[in-house]
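# Fold and geometry: a report
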Amino acid sequence: MSEPSEISKIKTARLKAGLSQAEMSRQFKIPVRTLQDWEAGKRSTPEWAELLIIEKLENISKSS
């Protein structure tokens, strides 16, 4: 689990893609509470899921 003060990789990629948590929740079909917990370090993201999510967010930011 990440440190509370550390900004999560998912949050960094989400912000780079220009998405709010609500927008990302809708596009990725991930509950907002889950995103909030991942970004706050309250829940750990499965490594495979984190890699796929970040890859998808990077593709969104490249196409913007």
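Our structure is the block above this text.
These notes cover the structure that comes with them. Worth saying up front: this structure is predicted, and the values here are computed from it rather than measured.

Counting 14 residues, the largest nonpolar core has Leu19, Met24, Phe28, Ile53 and Leu57 as the members making the most contacts within it. Of all the elements in the fold, those that place two or more residues in this core are α1 (9-16), α2 (21-28), α3 (32-40) and α4 (47-63). The element best represented in this core is α4, accounting for five residues. Sequence-distant contacts of Leu57, defined by excluding residues within four places in its chain, comprise Ile10, Ala13, Arg14, Ala17, Leu19, Met24 and Phe28.

Okay, the pattern of salt bridges next. Opposite charge on two side chains lets them pair, provided their charged atoms get close. Per the stated rule, a full pass over the model turns up one salt bridge. For the salt bridge of Glu39 with Arg14, the shortest nitrogen-to-oxygen distance reads 2.7 Å. Of the two residues, Glu39 is situated in helix α3 and Arg14 in helix α1; the sequence distance between them amounts to 25 residues. Given the relative accessible area of 6%, Arg14 is considered buried.

Procedures and definitions
- Residues numbered from 1 in each chain as written.
- Predicted model: local features only at pLDDT ≥ 70, side-chain atom pairs only at ≥ 80, totals over all residues.
- Heavy atoms only, no water.
- Core = buried A, V, L, I, M, F, W, Y, C linked by side-chain atoms within 4.5 Å.
- Buried < 20%, exposed > 50% of the residue type's maximum accessible area, 1.4 Å probe, protein only.
- Helix = DSSP H or I, 4+ residues; strand = E, 2+ residues; numbered from the N terminus.
- Contact = heavy atoms within 4.5 Å.
- Salt bridge = Lys/Arg side-chain N within 4 Å of Asp/Glu carboxyl O.

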